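In case you want the letters, here they are:
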Amino acid sequence: MHDIAIHVTGLKKSFKTTTVLKGVDLTVRRGEIFALLGANGAGKTTLVKILSTLAKQDSGSAKVHGFDVLDEPERVRQSISLTGQFAAVDEILTGRENLVMIAKLRHLADSRRIVDDLLQRFDLTDAADRRVSTYSGGMRRRLDIAMSLVGKPNIIFLDEPTTGLDPEGRLEVWKMVKELSSTGTTVFLTTQYLEEAEQLADRIAILHEGTIITNGTLAELKKLFPPAKVEYVEKQPTLEDIFLAIIGKKEEK
Amino acid sequence: MEAIRKHSFSDMGIMLGRSMRHIFRSMDTIITVTITPIAMMLLFVYVFGGAIQTGMDNYVNYLLPGILLIAIASGIAYTAYRLFMDMQSGIFERFHSMPIAHSAALWGHVLTSLVSNAISVVVIILVALVMGFRSAAPIVSWLAVAGILALFTLALTWLAVIAGLSAKSVDGAGAFSYPLIFLPFISSAFVPTESMPPVVRAFADNQPVTSIVEAIRSLLASEPVGNDIWIALAWCVGISIVAYFFAMRVYKRKTA
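A brief structural summary. What you see as residue numbers is a count from 1 along each chain, following the sequence as written. As they are written, the chains are lettered A onward and the ligands numbered 1 onward, keeping that order. In view of the model being predicted, local features appear only for residues whose pLDDT reaches at least 70, and side-chain atom pairs are presented and counted only at 80 or more, with totals across whole chains, interfaces and linings using the full set of residues. In computing side-chain values, all of the structure's heavy atoms are included and hydrogens and water are not.

The subject of this paragraph is the overall build of chain A. Numbering of helices and strands runs from the N terminus, with a helix taken as a DSSP run of H or I at least four residues long and a strand as a DSSP run of E at least two residues long. A tally of helices and strands in chain A yields 9 helices and 10 strands. By principal-axis analysis of the C-alpha atoms, chain A measures approximately 55 × 50 × 35 Å. Residues classed as buried in chain A amount to 47% of the 253 residues present. By sequence separation, contacts in chain A at least 24 residues apart represent 67% of the contacts at least 6 residues apart. Surface accessibility follows the Shrake-Rupley procedure with a 1.4 Å probe radius. Residue values consider only the protein chains on display as shielding. In the structure as shown, chain A presents an accessible area of about 13,200 Å², 53% of it carried by carbon and sulfur atoms. Buried means the residue's accessible area, taken with a 1.4 Å probe over protein chains only, is under 20% of the maximum for its type, while exposed means over 50%, and partly exposed covers the values in between. The contact criterion used is simple: two residues touch if any of their non-hydrogen atoms lie within 4.5 Å.

The relative placement of two packed helices is expressed as an angle between their axes plus a distance between the axes. All names here are of chain B. To obtain each axis, a line is fitted to C-alpha atoms, and for helices this fit is confined to the stretch in contact; angles are then taken between N-to-C directions over 0 to 180 degrees. Between helix α3 (residues 59–89) and helix α10 (residues 208–220), whose axes approach to 9 Å, the crossing angle comes to 130°. With respect to α10, the axis of α3 lies oblique. Read as a crossing pair, α3 and α10 show a hand that is right-handed. Residues Asn61, Tyr62, Pro65, Gly66 and Leu69 of α3 form the contact with α10, whose participating residues are Val209, Ile212, Val213, Ile216 and Arg217. Residues are grouped as follows: Ala, Val, Leu, Ile, Met, Phe, Trp, Tyr, Cys and Pro are nonpolar; Asp, Glu, Lys and Arg are charged; every other residue, Gly included, is polar. Here the contact of α3 with α10 is composed, by residue class, of 7 nonpolar, 2 polar and 1 charged. Roughly parallel means an angle under 35 degrees; roughly antiparallel means over 145; roughly perpendicular covers 65 to 115; every other angle is labelled oblique. Crossings are sorted by hand: turned counterclockwise from the far helix by less than a right angle, the near helix makes the crossing left-handed, and turned clockwise it makes it right-handed.

The next point concerns the side chain of Thr210(B). Residues and elements named next belong to chain B. Relative to the assigned elements, Thr210 resides in helix α10. Overall, Thr210 belongs to the buried group, its relative accessible area being 6%. For Thr210, the contacting residues outside a window of four places in its chain are Ser187, Ser188, Ala204 and Asp205.

The next point concerns helix α4 (residues 111–121) of chain A. Residue and element names in this part refer to chain A. Of all the residues in α4, the buried ones are Ser111, Val115, Leu118 and Leu119. Each buried residue of α4 lies within a common arc of 100° when the element is viewed along its axis, so the set occupies one face. On its buried side, α4 packs onto α3 (95–105) and α5 (137–149). Positive backbone phi, at 60°, marks Asp123, one or two positions downstream of α4. Here the arc refers to the directions that run from the helix axis out to each C-beta atom.

Together, Lys16(A), Lys168(B), Arg249(B), Arg253(B) and Lys254(B) line one region of the surface with positive charge. Among the structural elements, Lys168(B) can be located in the loop between α6 (139–166) and α7 (170–175). The exposure class assigned to Lys168(B) is exposed, which follows from its relative accessible area of 76%. Distance thresholds for patches are 9 Å for like charges and 5 Å for nonpolar side chains (Val, Leu, Ile, Met, Phe, Trp, Tyr), applied to residues having over 30% relative accessible area and no salt bridge. In the sections that follow, a salt bridge refers to a side-chain nitrogen of Lys or Arg positioned within 4 Å of a carboxyl oxygen of Asp or Glu. In this tally, Asp and Glu contribute negative charge and Lys and Arg positive charge; neither His nor the terminal groups of the chain are included. Note on charges: their place is set at NZ of Lys, CZ of Arg, CG of Asp or CD of Glu.

This next bit is on the sheet that holds strand β2 (residues 18–29) of chain A. Residues and elements named next belong to chain A. Two strands pair under a simple rule: DSSP has to find at least two bridges between them. Strand order across the open sheet formed by 4 strands is β2-β1-β4-β5, with antiparallel pairing between neighbours. Pairing within the sheet leaves two strands with one partner each, and these edge strands are β2 and β5 (67–68). Bridge count between strand β4 (residues 59–64) and β5: 2 bridges; the pairing is antiparallel. Across the sheet, the residue bridging to Lys63 is Asp68, located in β5. The sheet strands contacting helix α1 (residues 44–51) are β1 (4–15), β2 and β4, and the helix crosses β1 at an angle near 120°.

Residue and element names in this part refer to chain A. Within α1, 6 of the 8 residues are buried, leaving the element largely enclosed by the surrounding structure. By the burial criterion, the buried members of α1 are Lys44, Thr46, Leu47, Val48, Ile50 and Leu51. Thr53 lies just past α1 and shows a positive phi near 65°.

Right, let's get into unusual backbone geometry. All names here are of chain A. A positive phi angle, near 55°, is found at His107, a position not held by glycine. Within the fold, His107 resides in the loop between α3 and α4. When its relative accessible area of 30% is taken as the criterion, His107 is described as partly exposed. Of note, the phi angle at Asp110 is positive, near 65°, even though the residue is not glycine. Note on placement: Asp110 falls in the loop between α3 and α4. Among the residues examined, Asp110 registers a relative accessible area of 43% and is labelled partly exposed.

The following block contains the structure:
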């Protein structure tokens, strides 16, 4: 049991007339990056809300860090951190004030040092004393994730962390998620981008119409499909490759 | 749970600190809240006042309590607005997924509402002093006035919480305050109710603003307050309790 971070069985949830989750089962191991892949409206956010104690399931059970989300929500909250779909940062405060606020709410001693470290790590030191309303989308997302790391939670939920970011911002977030995982934090992330799951995740589950239709490592998932065929195609650079190449050159100058 | 309980006051303090920063960094909200009541005060004192017979020599003294209530009624629209913005931005979800008292985020807004309205009230009283408002009331009476105004703010704040939590748009969040701003006009705030036609007078005499205005006016004029103060307190406490009950129900429903 010690290596299990999240364990969900038979989870069901409906809103009025629509059934969003129709019996979800999944297991996330400690320290891995777990990607929940699904289209818009598949129920990803609902599942994250239940796991982070923001919503209650109709039936089924969910254990996070060994604690049942219904019976011991306070203990669950002590073990997790949530980065929601929209950057949950305070626009009127500065980046530093946002982090200090969270550090104080988590009652950490030495919050100043913790905040300085995070600002440095997320490349926000220069912008630390500016109001967040002046930040770019990528900076906001970085601050958002930095706020989730205050107090070193065991499990972090990232609900569509790169939706709405430009390619550069997306790469930054990917790099951060990889770093996070290397420090032993369990990362549960939802995404609608196949590429993101492929790039980051140790294991991938696909949520479709309220149930997990498949679950495994990328290699395992690949085995489910017909073997790869060898084709010779001229590889054109994608627009993203071009964009990043140009931006990269500009920054070198 | 023990450890969490112990912190709920300091959590509330942190939340209050956060929203107070919001207020001080957008002083325009204080200006917006106070400018209309001040303009009304100028208009009534220097334009209409000469034609109004109140039985009091100093019309500013007569008018001030009603103006303060109008300022509070428009001030709480910002409470609803700030709450609505927090619900929208997802920062409430962050707080609620953290190991802190669930109510801390909400109480932060309530306390902020009390503090920011108190600032508006002080600003308006200072302007009134310049315009000739005078009171020889003892400190105890002033404290009683402060208490009534705080209770009135609290009552309207809980109404604002309901509006802020259940609104679907920014405009909707603030719209509920318009009827509240008009209540003082159909009360004894500007003219004595004796001059009104019977039906209007019956409404004016029995709605909360009249008793609150009369109680504050008597306290500031060092006159006997009579029953008005008890009726005023009953209204404020009654509205607070009912609105608090509904606000908490909406809050629980919205945040599961």
